[in-house]
Amino acid sequence: MSTTALNDLFRYPIVQAPMAGGASSPALVGAVAAAGALGFLAAGYKTAGGLYQEIKQVRGLTGQPFGVNVFMPQTGPSAAPAAIEVYRHQLAGEAGWYGTALGETDDSRDDGYESKLAILLEDPVPVVSFTFGCPKPETLEAFARAGTYTIVTVTSAEEARTAQAAGADALCVQGVEAGGHQGSYRDDPADEQPGTGLLALLTQVRATTALPLVAAGGLMRGEQIAAVLAAGAAAAQLGTAFLVCPESGAHPLHKRALTDPLFHRTALTRAFSGRPARGLVNRFMREHGPYAPAGYPEIHHLTAPLRKAAAGAGDPQGMALWAGQGHRLARELPAGELVEVLAAELDTALTDLADPALRSAS
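Description of the structure in this document. None of these values were measured; they are calculated from a predicted model.

The next thing to look at is the overall build of the protein chain. Looking only at helices and strands, the protein chain has 16 helices and 11 strands in total. Principal-axis analysis of the C-alpha atoms gives the protein chain an extent of 60 × 50 × 40 Å. Looking at the protein chain residue by residue over its 362 residues, the buried ones come to 57%. Contacts in the protein chain between residues far apart in sequence, at least 24 positions, make up 68% of those at least 6 positions apart. Carbon and sulfur atoms make up 54% of the accessible area of the protein chain, which amounts to about 14700 Å² in all.

Bringing the pattern of salt bridges into the picture now. Counted by the stated rule, this structure contains nine salt bridges. For Glu345, the salt bridge goes to Arg331, with nearest N and O atoms at 2.6 Å. Linking Glu345 in helix α15 (residues 335-354) with Arg331 in the loop between α14 (298-312) and α15, this pair joins segments that are 14 residues apart in sequence. Residue Arg331 is classed as buried on the basis of its relative accessible area of 19%. Here the residues in one salt-bridge network are Glu94, Arg283 and Glu287, joined through shared partners.

Before going further, it helps to examine the pairing of strand β3 (residues 66-71). In terms of burial, β3 is a largely internal element, six of the six residues being buried. Direction of pairing for strand β2 (residues 39-42) relative to β3: parallel, over a ladder of four bridges. Note on β3: the bridge partner recorded for Phe40 is Gly67. Here five bridges tie β3 to strand β4 (residues 127-131), and the two strands are oriented parallel to one another.

This paragraph deals with the sheet that holds β2. In a beta sheet, neighbouring strands pair by backbone hydrogen bonds and run either parallel or antiparallel. Sheet architecture is open: eight strands sit in the order β1-β9-β8-β6-β5-β4-β3-β2, paired in parallel fashion. Looking at the sheet topology across the chains shown, the edges are occupied by β1 (14-16) and β2. Averaged over all neighbouring strand pairs, the angle between strand axes comes to 25°, with direction disregarded. Pairing geometry for β4 and strand β5 (residues 149-154), over four bridges, is parallel. Residue pairing in the sheet places Val128 in a bridge with Thr150 of β5.

A word on α14. For an α-helix the count is 3.6 residues per turn, leaving residues at separations of three or four pointing the same way. A rise of 1.5 Å per residue sets the reference length of α14, with its 15 residues, at 21 Å; its end C-alpha atoms lie 22 Å apart and thus fit the reference within 8%. Helix geometry: α14 is bent most strongly at Ala304, by close to 40°, with proline Pro305 lying one to four residues after it. Counting buried positions along α14 gives 11 out of 15 residues, so the element sits mostly inside the fold. Restricting attention to buried positions, one finds in α14 the residues Glu298, Ile299, His300, His301, Leu302, Thr303, Leu306, Arg307, Ala309, Ala310 and Ala311. Gly314 lies just past α14 and shows a positive phi near 75°.

Remark: helix α2 (residues 26-34) packs on α15, axes separated minimally by 8 Å, with the N-to-C direction vectors making an angle of 40°. Put simply, α2 runs oblique to α15. Along this stretch, α2 crosses α15, giving a crossing that reads as right-handed. Residues Leu28, Ala31 and Val32 of α2 form the contact with α15, whose participating residues are Ala335, Gly336 and Val339. Looking at side-chain class alone, the contact of α2 with α15 contains five nonpolar, one polar and no charged residues.

Definitions and limits used
Residues numbered from 1 in each chain as written. Predicted model: local features only at pLDDT ≥ 70, side-chain atom pairs only at ≥ 80, totals over all residues. Heavy atoms only, no water. Helix = DSSP H or I, 4+ residues; strand = E, 2+ residues; numbered from the N terminus. Buried < 20%, exposed > 50% of the residue type's maximum accessible area, 1.4 Å probe, protein only. Contact = heavy atoms within 4.5 Å. Areas by Shrake-Rupley, 256 points an atom, 1.4 Å probe, with all protein chains shown as cover. Salt bridge = Lys/Arg side-chain N within 4 Å of Asp/Glu carboxyl O. Pairing = 2+ DSSP bridges. Axes fitted to C-alpha atoms, helices over the stretch in contact; angles between N-to-C directions. Expected span 1.5 Å × (residues − 1). Bend = angle between axes of the 7 residues up to and from the residue. Parallel < 35°, antiparallel > 145°, perpendicular 65-115°, else oblique. Left-handed = near helix turned anticlockwise from the far one by under 90°. Nonpolar A, V, L, I, M, F, W, Y, C, P; charged D, E, K, R; others polar.

As structure tokens, this is what we get:
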């Protein structure tokens, strides 16, 4: 597939990131798509039936293209059961404080992957993306036969080569600035690296493959979108920018925290899920992040009741406040209006880049 095939999916080169956990509601996806950008549902943590119903809702809101993001099954090594039990013991005080039991950790590690693929192949959507790994070539071939455009998330040039060899149509290049989970294929603390910034990573991946690239990581303004397009991306993916929209399903406390001076920085942590994810630094992250084992999705299931109870108690200090590094630039606008504002900023930035004299004259 060419860059043109990707850009034919939307009027503006803007992609609303799939945010698992409820933020990427059908209302948000529908509004983004109707405004001329590409909206994404997040299949993560949903049942196959729940995903099917959300797809129906989006189709009822817009006839424009939209996408669904799927988590790859977790097949690599996870933390030893003993390490998870140690962390469970450490969290006992949190459970007592919030008056809830800790979650069970023996749930499936594949997030209903095969059932979700079956739904998406039986009743295809325009775009399907994958996170936490690369599908088998035969899976990508099946989506190609169904007429679905496929995007695989990568965090390194090595992962980009793997996705290209498997037959992905495009790559979502995720820089370390991105909010939420890092979409890396492997999660091994033994070879864990700090991560690569988006512009540097784009350059590395661009030198590796000619596939269309969607740039993700800390993007909040049209000028930043222009920058990643100039660096070789075909489109820009924004998540945190859409979190505060009224159509977003994010908790109100989460939305307010993005611009609350109390939460002035982000960090990567395993505290809530067992996998590196970027969020606003709060009490839970500070107290438990240094001790959380690499155990995804077991730690996610373990802490889920705590996060829900903290939200119910109105306590953002116990919630997973996922956010990218640009969170302080969030604007509380309806999703469609935000798309139009970003597109206008992008147009201005591209005009200035094309004719620097206009910029100096202004």
